[in-house]
Amino acid sequence: MTYMAIPNIGNYTIALATAVESLGIKAWASTATTPAALKLGIDAAPESVCLPLKAHLGHFIEADRAGVEYAFMVNSVGTCRLRYYRHMIGQILKDLGLKIKIFGLGFDGFKPPIVRHFDPGPITFIKPLFHTVQKIKVIDELEVAAWRTRAIEITHGDTTQVMNKLLVELSESRTMAQTRAIRKKAAGCFADIPVDKEKKPLKVGLVGEISFLRDKCLNKNIEYILGSQGIELRNFFLLGEELQNITRIVFLNQSRRKSLSKLADRYLQNSVGGHALDSVAYSIHCADEGYDGMIHLCPSGCMPEVSVRPILKRVSKDKNIPILEMSYDEHTCSVGIATRLEAFADVLMERRKKNSSTAQRGKRAGHG
């Protein structure tokens, strides 16, 4: 059986495995980078490259050692060096004497290189592809439900347990009917979790580089830490929304990036690549929507995200919204991340209390 390694894009890897099967081959993947794979990548990569490249590289080294013949990874545009990383990783793997072949997705073309290589029949290809899109939508819904529920759950861990169970079922789903059944029962599963309905959790937006928004190993399980601290978060990378944007571009000549550019125009007029525009625009959006704070995740040396950090400082000041900057490299410690997040949560809670107290005094003065 022929296998293809999938880069770790969090829970979306489950759906991407179905897409790989549309090519008539098997997927080799996990939903997060393993520490062993990360070490392999760190040891093999140049020190100056960012952690996402090292994670990808280590994953592909592990895959090759497991006998996997093929892999794919997403490319990028603009100043993000990810646009060169597929070729760089390929060269490193070649220098190591490994034979795994990497296909690029995204801006250098999905269909021509990979589909033409495996040449699946239309029925073999199209049906699993629709199933993939369906799974991505279900994962989006599960993610959103988990973010809301974890912040107010009475027993820590209940939400994660339900989430993991549903994800296992989704990974084992082989038909669209089975996936629809999982989607139908998911809302009830989360509704059955005992929660504190009187609690008004802090609301925080998560922006930054995709690998860190989605890979629990790289971001040190930030979503669970925030939720356990009673914070309702919104991760601003949902793959379903990204696919909808691509569809709008292709069929309607409309792009979500146009609306994001308009929102961020005062602060960012030029394209810097990656998802830097998203980081600025969604920070503005969250400030306008009354979020308590933002967290910006960035691998050390990431050109687009580092470029917009001074802009995010301006947004924070102008819009009066705290923005915590989190930089990651191979030396980043889980304990240090947890400590910083706890301190940030304390700051946000004190700020909310102060604002509430000020508002109450204003009301009393008005009645007086």
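Residues numbered from 1 in each chain as written. Predicted model: local features only at pLDDT ≥ 70, side-chain atom pairs only at ≥ 80, totals over all residues. Heavy atoms only, no water.

Visitor: I keep staring at the side chain of Glu-143 and nothing clicks. Help me out?
Guide: Structurally, the position occupied by Glu-143 is in helix α6 (residues 122-150). Beyond its immediate sequence surroundings of up to four residues, Glu-143 is in contact with Asn-11, Met-163, Arg-214 and Glu-223. (Helix = DSSP H or I, 4+ residues; strand = E, 2+ residues; numbered from the N terminus. Contact = heavy atoms within 4.5 Å.)

Visitor: Sorry, what's going on with unusual backbone geometry here?
Guide: Working note: non-glycine residues mostly have negative phi, and peptide bonds are mostly trans. Of note, Asn-221 is a non-glycine position whose phi angle comes to about 60 degrees, a positive value. Inspection of the secondary structure puts Asn-221 in the loop between α9 (210-214) and α10 (222-228). Judged by its relative accessible area of 31%, Asn-221 is partly exposed. Not every positive phi belongs to a glycine, and Asn-320 is a case in point at roughly 55 degrees. With respect to the helices and strands, Asn-320 occurs in the loop between α15 (309-319) and β8 (323-328). (Buried < 20%, exposed > 50% of the residue type's maximum accessible area, 1.4 Å probe, protein only.)

Visitor: What's the story with the pairing of strand β6 (residues 231-235) in this structure? I'm lost.
Guide: For a regular strand, side-chain orientation follows a simple rule: the groups alternate between the two sheet faces. Extensive coverage of β6 is indicated by the burial of five of its five residues. Of the two faces of β6, the one holding Ile-231, Leu-233 and Asn-235 and the one holding Glu-232 and Arg-234 are both buried throughout. Note that strand β5 (residues 202-208) and β6 share five bridges and pair parallel. Looking across to β6, one finds that Leu-206 is bridged to Asn-235. (Pairing = 2+ DSSP bridges.)

Visitor: I keep staring at the sheet that holds β8 and nothing clicks. Help me out?
Guide: Sheet strands pair via backbone hydrogen bonds, and the direction of the pair is either parallel or antiparallel. Ordered by their spatial adjacency, four strands build an open sheet running β6-β5-β7-β8, and the pairing between neighbours is parallel. Here the strands that pair on one side only, and so sit at the sheet edges, are β6 and β8. On average, each strand axis in the sheet is tilted by 25 degrees relative to the strand beside it, whichever way the strands run. Docked against the sheet, helix α13 (residues 276-288) engages β5, β7 (293-299) and β8, running at close to 165 degrees with respect to β5. (Axes fitted to C-alpha atoms, helices over the stretch in contact; angles between N-to-C directions.)

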